[in-house]
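Summary of structural features
The chain contents come next:
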Amino acid sequence: MTSWRGNWPRMNKLLSLLGLARRAGRLEAGFDACRAAAREGRAALLLAAEDISPKTYKNLQYEAERAGIPAARAPAGMVELGRACGVRAGVVSVNDKGFAQALQKEMEHTDRMKEDAAI
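Here goes a summary of the coordinates provided. Each chain has its residues counted from 1, running along the sequence as written. For this predicted model, a pLDDT threshold of at least 70 governs which residues receive local features, and a threshold of 80 or more governs which side-chain atom pairs are given and counted, while totals over whole chains, interfaces and linings are taken from all residues. Based on all heavy atoms of the structure, the side-chain values leave hydrogens and waters out of the count.

**Remarks on the pairing of strand β2 (residues 45-48)**
Accessible area is worked out with a 1.4 Å probe on protein chains only. A residue is then buried under 20% of its type maximum, exposed over 50%, and partly exposed in between. By the criteria applied, helices consist of DSSP H or I runs no shorter than four residues and strands consist of E runs no shorter than two, each listed in order from the N terminus. Both faces of β2 are covered, namely the face carrying Leu 45 and Leu 47 and the face carrying Leu 46 and Ala 48. Between any two strands, pairing holds if DSSP finds at least two bridges. When β2 meets strand β3 (residues 71-73), the two strands line up parallel, connected through three bridges. Bridging from a neighbouring strand, Leu 47 pairs with Ala 72 of β3. With helix α3 (residues 54-67) bridging β2 and the parallel β3, this β-α-β connection has right-handed handedness. A crossover counts as right-handed when, viewed with the strands pointing away from the observer, the path leading from the first strand over the helix to the second turns clockwise.

This is the structure we're talking about:
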């Protein structure tokens, strides 16, 4: 069971944005493609599924830090990300600053709602 169950409208918007980015050609999936996008300066955000391994996320953070871009864990698992993006991958690179900002804003709002619910 995923952690976003009670927050479906926000998660739906986040996943919809990812799908839109994919259809616009502004998304790359898979660790190797994300690393290449970050190193070549194409990536604006590196996004990881919540259920990827800690080692993979640590490597993703390293690549993001090296490229000077943010890395974040999406509040969705690989299955949800895969459905939104049309490919099975635990790591995606958002290659558009506008999409990256919109995704970060949605993730921040989702995090705030989780914190409020925990109180």
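**Let's talk about the packing of helix α2 (residues 31-39) against α3**
Only the stretch in contact is used when fitting a helix axis, every axis being a line fitted to C-alpha atoms; angles between N-to-C directions are given from 0 to 180 degrees. Put simply, α2 and α3 touch, their axes get as near as 9 Å, and they point 15° apart. Comparing their axes, α3 and α2 come out roughly parallel. Between α2 and α3 the crossing geometry is left-handed. Seen from α2, the contacting residues are Phe 31, Arg 35, Ala 38 and Arg 39; seen from α3, they are Thr 56, Asn 59, Leu 60, Glu 63, Arg 66 and Ala 67. Put simply, Ala, Val, Leu, Ile, Met, Phe, Trp, Tyr, Cys and Pro go in the nonpolar bin, Asp, Glu, Lys and Arg in the charged bin, and everything else, Gly too, in the polar bin. Residue composition of the contact of α2 with α3, grouped by class: four nonpolar, two polar and four charged. Oblique is the label for any angle not covered by the other classes, which are roughly parallel (under 35 degrees), roughly antiparallel (over 145) and roughly perpendicular (65 to 115). By convention, the crossing between two helices is left-handed when the near helix turns anticlockwise from the far helix through less than a right angle, and right-handed when the turn is clockwise. Whether two residues are in contact is decided by their heavy atoms, any of which lying within 4.5 Å being enough.

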